[in-house]
Amino acid sequence: MIKIYKTLFSLLLLSLTVLPIERPLAQTSAVSISEPILLSPTAPENVGISAPRLNRINTLLEQAVADQYLPGAVVMIGRKGQIPYLETFGYRDVAAKDPMAADDIFRMASMTKPVVSVGIMMLYEEGKFLLDDPIAKFVPAFAEMEVLDEWNEADGSYTTKAATQAITFRQLLSHTSGIGYPFIHPALGAIAREKGLIQGYSTLDVSLEENMKVLSEMPLVHEPGARWTYGLSTDLLGYLIEVISGQALDEYLAERIFEPLGMKDTHFYMSESKADRLAGLYFHNDAAQVQVNPDPNGKFPYTGARRYFSGGAGLVSTATDYAAFLQMLLNKGDYNGHILLGKKTVELMTMDHLHGTPGGPEAFGLGFAITTERGAAQKLGSPGNYRWAGIFGTDFWVDPQEELFGIIMTQVLPFQNKDAFFARIQNAIYQSIID
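These notes cover the structure that comes with them. Bear in mind the structure is a predicted one, so any value in this text is a computation, not a measurement.

**Concerning the overall build of the protein**
Then step 1. From N to C terminus, the protein includes twelve helices and 17 strands.
Then step 2. With the C-alpha coordinates aligned to their principal axes, the bounding extent of the protein is approximately 65 × 45 × 40 Å.
Then step 3. The buried share of the protein, reckoned over its 435 residues, is 55%.
Then step 4. In the protein, the share of contacts with a sequence separation of at least 24, taken over all contacts with a separation of at least 6, comes to 70%.
Then step 5. About 17800 Å² of surface is accessible on the protein, with carbon and sulfur atoms providing 51% of the total.
Then step 6. If you average the places of the 34 positive and of the 49 negative side-chain charges in the protein, the two averages end up 4 Å apart.

Following this line, the structure appears as structure tokens:
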């Protein structure tokens, strides 16, 4: 009875359309009244959003769960510093019919990258380095890099040539360093397996310093600065944070970002007491229906050595925790009196730093993909939006023009037609804006 009362109280605060309690596919979000709320819930109309139109989001997500396309999901909208929408759908554990909850924890994968990018830019503001400084000033192992020249797929042999440019902080932040993900590049994949390089999250007893030493021995995909290539650049930024700050990456992020923002459920490795809140990991079969993912590393957030802090893929978090981080960015670096970054720094990070550099997204800043005028014509949104996503099925975008952010959380890997499905959710959110 108490649980039902709390749910109804939260629904009253959020002023959302109530879904019938007996429907198992969509559980209306219940932000616990006993926990601190990072952003104030509000009626949608108070921030220029139509409550009836928001129901189209529910219809879309309910159908996805009914079709077994999604196991479950959390969707959140922030606008003008308030929360007009926070909904949960489906299940944290499909087999057990354990409903998804608003405070469930998700593997964020590459949504770790914007957090680490903010972390390194805090040190930039302190005058520790300039963006075009070579990183070898701090990590000499990256002073003389080799570029992959030829690779023989048949026997795995390869040749390299000396890089003529130095890797800079700006290149790491904008993914133009030439450091690629081995799982994307077949030649790098074979070399990485031979050298034992960790490519993301890990349960192995290895330090970030040890793995970055291995990374320094890997060839680059191309000359630094030549083009956009997605890769382990942000993992290296995480190590640079350790070197420059003198703190382990997990300690630095906790002290400088998570604690000021009240992100109490954001960690590289969480306590086992929170394991029952970790959303189950699933994969799509050939029919695009979810099945339990057999990945043995799927439990990495609370098992194994708990030593490797992947700046590009290692964090877990909740929708409400990550919302505080996004609202800080919308506020140009300030959240609840805590100034993490200066206004001009946020503006710098969300400008295009590619300037026509080939490959990758149309535009990319320092840690974020940027929507151009041309890109804004592809789906509902605004020029100047910045965003990123995680391979496990998480996504966010920030729209300064509309004072809005959106967060989508699910856990499916591999995830068929993810970009198209998430674009439909984004469209459903934008069509609800009436002011």
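Okay, back to it.
**Considerations on the packing of aromatic side chains**
Then step 1. Counted according to the given criterion, the structure contains 23 aromatic pairs.
Then step 2. Ring geometry for tyrosine 181 and tyrosine 230: centres 5.2 Å apart, planes at 75°, overall edge-to-face. Highlighted residues: tyrosine 181 in the loop between helix H4 (169–174) and helix H5 (186–195) and tyrosine 230 in the loop between helix H6 (208–216) and helix H7 (233–245), separated in sequence by 49 residues.
Then step 3. According to the relative accessible area criterion, tyrosine 181 is buried, its value standing at 3%.
Then step 4. By the ring-pair criterion, three or more aromatic residues cluster together here, those being Tyr181, Phe183, Trp228, Tyr230, Phe364 and Trp388.

**Quick word on a nonpolar patch on the surface**
Then step 1. Among the surface-exposed residues, Phe183, Ile184 and Ile391 lie close enough to one another that they form a single nonpolar patch of about 290 Å² accessible area.
Then step 2. On the secondary structure map, isoleucine 184 appears in the loop between H4 and H5.

**So, the environment of threonine 176**
Then step 1. Relative to the helices and strands, threonine 176 resides in the loop between H4 and H5.
Then step 2. Taking the C-alpha atoms as reference points, threonine 176 and valine 412, 236 residues apart in sequence, are found 28 Å from one another.

**Focus on the packing of helix H3 (residues 112–125) against helix H8 (residues 249–261)**
Then step 1. Packing of H3 against H8 brings their axes to within 11 Å, and their N-to-C directions diverge by 90°. Taken together, the axis directions place H3 and H8 in an arrangement best described as roughly perpendicular. Every residue of H8 that contacts H3 at Val115, Val116, Val118, Gly119, Met122 and Leu123 is listed here: Tyr252, Leu253, Arg256, Ile257 and Phe258.
Then step 2. In terms of residue class, the contact of H3 with H8 is made up of nine nonpolar, one polar and one charged.

Rules and cut-offs
Residue numbers here run from 1 along each chain, matching the order of that chain's written sequence. Totals for whole chains, interfaces and linings use all residues, but because this is a predicted model, local features are given only for residues with pLDDT of at least 70 and pairs of side-chain atoms are given and counted only at 80 or more. Excluding hydrogens and water, the side-chain figures rest on all heavy atoms present in the structure. A helix here means a DSSP run of H or I that spans at least four residues, while a strand means a run of E at least two residues long, and both kinds are numbered starting from the N terminus. When accessible area is computed with a 1.4 Å probe and restricted to protein chains, residues below 20% of their type maximum are described as buried, those above 50% as exposed, and intermediate ones as partly exposed. Two residues qualify as a contact provided that any one of their heavy atoms is within 4.5 Å of a heavy atom in the partner residue. Methods summary: accessible areas were calculated by the Shrake-Rupley approach with a probe of 1.4 Å, and residue burial reflects only the protein chains presented. A residue counts as positive if it is Lys or Arg and as negative if it is Asp or Glu; His and the chain ends are not included. The location of each charge is read from NZ of Lys, CZ of Arg, CG of Asp or CD of Glu. When two rings of Phe, Tyr or Trp (its six-membered ring) have centres within 6.5 Å they constitute a pair, described as stacked for plane angles under 30 degrees, edge-to-face for angles over 60, and tilted for the intermediate range. Residues form patches when they are more than 30% accessible in relative terms and have no salt bridge. Like charges link within 9 Å. Nonpolar side chains (Val, Leu, Ile, Met, Phe, Trp, Tyr) link within 5 Å. The term salt bridge refers to a pairing of a side-chain nitrogen on Lys or Arg with a carboxyl oxygen on Asp or Glu at a separation within 4 Å. Interaxial angle, 0 to 180 degrees, is taken between N-to-C directions of lines fitted to C-alpha atoms, where a helix line uses only the stretch in contact. Roughly parallel here means an angle under 35 degrees, roughly antiparallel means over 145, roughly perpendicular means 65 to 115, and every remaining angle is called oblique. Amino acid classes used here: Ala, Val, Leu, Ile, Met, Phe, Trp, Tyr, Cys and Pro are nonpolar; Asp, Glu, Lys and Arg are charged; the rest, including Gly, are polar.

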